[in-house]
Amino acid sequence: MQLSVEISKYPLHSDYIPFIKDFIERLNQHPELKVVTNTMSTQVFGDYDLLMAVLSKQMKRSFEQFGKIVFVCKFISGDLSPQS
């Protein structure tokens, strides 16, 4: 089953950009996922089980490394990625 996820990350820190870029870079290390970023959010598309495992691991790592962070996510079944 395919999954589409839209994520917005809000680090509770005045210098928030490096925290967000680090998370996106870690998502991009998984070539089997399609990652699309814009100025408002990051969208990730891929196999449900893989995508959920990657998000779980990377969100936990963000909490451990950077402390208080708010993640706002939308999960939609299917692959709604933009066509290349």
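In short, a report on the structure. This is a predicted model, so every value here is computed, not measured. (Residues numbered from 1 in each chain as written. Predicted model: local features only at pLDDT ≥ 70, side-chain atom pairs only at ≥ 80, totals over all residues. Heavy atoms only, no water.)

### Re helix H2 (residues 48–66)
Its 19 residues give H2 an end-to-end C-alpha distance of 26 Å, which sits within 8% of 27 Å, the value for a rise of 1.5 Å per residue. Those residues of H2 that fall on the buried side of the exposure criterion are Leu-51, Val-54, Leu-55, Gln-58, Met-59 and Ser-62. End-on view of H2: buried residues confined to an arc of 125°, all on one side of the axis. Relative to its buried face, H2 has exposed residues pointing more than 90 degrees away, namely Asp-49, Lys-57, Lys-60 and Glu-64. (Helix = DSSP H or I, 4+ residues; strand = E, 2+ residues; numbered from the N terminus. Expected span 1.5 Å × (residues − 1). Buried < 20%, exposed > 50% of the residue type's maximum accessible area, 1.4 Å probe, protein only. Arc of directions from axis to C-beta.)

### Structural notes on helix H1 (residues 17–27)
Turning to H1, its buried residues are Phe-19, Asp-22, Phe-23, Ile-24, Arg-26 and Leu-27. Looking at the packing, one finds that the buried side of H1 touches strand S1 (2–11), strand S2 (34–37), strand S3 (42–47), H2 and strand S4 (69–77). (Contact = heavy atoms within 4.5 Å.)

### Focus: the pattern of salt bridges
The full count for this structure, using the stated rule, is two salt bridges. We note a salt bridge from Lys-74 to Glu-6, for which the minimum N-O separation is 3.2 Å. Highlighted residues: Lys-74 in strand S4 and Glu-6 in strand S1, separated in sequence by 68 residues. Asp-22 is paired through a salt bridge with Arg-26; the nearest N and O atoms lie 2.8 Å apart. Of this pair, Asp-22 and Arg-26 both sit in helix H1, four residues apart, which is roughly one turn of that helix. For the pair Asp-22 and Arg-26, one class covers both residues: buried. (Salt bridge = Lys/Arg side-chain N within 4 Å of Asp/Glu carboxyl O.)

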